[in-house]
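These are the residues of each chain, in order.
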Amino acid sequence: MKQLDMEFTSENGKEKHLRMNYASQNLDETTVKTAMQTIAELKMFEVDFANPYAHPVQASYTERTVTPIFSAKKNTEKTDA
């Protein structure tokens, strides 16, 4: 599954990402830019009187691949004997 990663700059000049796991997989540039600008203008995530999503910077889809190295988890599956 691809994840939508939207990067913003906060009012304090810090980089901030808003990532969505279940976003449509075929959004175009205009749609995403409009959504990001709306998020910035709504100021609905203000933290310490600063908007962390003040200025849209870029957006991309990312895919995550997990490659296990080891696991100390115990197998909890029961097997029939």
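Up top is the structure these notes are about.
Owing to the predicted nature of the structure, the values given are computational and were not obtained by experimental measurement.

Draft legend 1. Molecular detail of the sheet that holds strand S1 (residues 2-9). Here we have three strands laid out as an open sheet, ordered S2-S1-S3, and antiparallel in their pairing. Every interior strand has two partners, whereas the edge strands, strand S2 (15-20) and strand S3 (55-63), have only one. For this sheet, the mean angle separating the axes of adjacent strands, direction not counted, is 25 degrees. Summarising the sheet, S1 and S3 pair through eight bridges and their orientation is antiparallel. By the bridge assignment for S3, Thr9 is matched with His55.

Draft legend 2. Summary view of the environment of Ser24. Within the element layout of this structure, Ser24 appears in the loop between S2 and helix H1 (29-42). For the pair formed by Ser24 and Ala54, sequence separation is 30 residues and the distance between their alpha carbons is 23 Å. A polar side-chain atom of Ser24 sits 2.6 Å from a polar atom in the side chain of Asn26.

Draft legend 3. Summary view of the side chain of Asn51. Mapped onto the secondary structure, Asn51 falls in the loop between H1 and S3. Residue class for Asn51 comes out buried when judged on its relative accessible area of 2%. Within the structure, Asn51 has its side chain in polar contact with the backbone oxygen of Ala40 (distance 2.9 Å). When residues no more than four places from it in sequence are discounted, the contact partners of Asn51 are Ser10, Glu11, Ala40, Lys43 and Glu46.

About the thresholds
Residues numbered from 1 in each chain as written. Predicted model: local features only at pLDDT ≥ 70, side-chain atom pairs only at ≥ 80, totals over all residues. Heavy atoms only, no water. Pairing = 2+ DSSP bridges. Helix = DSSP H or I, 4+ residues; strand = E, 2+ residues; numbered from the N terminus. Axes fitted to C-alpha atoms, helices over the stretch in contact; angles between N-to-C directions. Polar contact = N/O pair within 3.5 Å; in protein donor to acceptor, adjacent residues only side chain to side chain. Buried < 20%, exposed > 50% of the residue type's maximum accessible area, 1.4 Å probe, protein only. Contact = heavy atoms within 4.5 Å.

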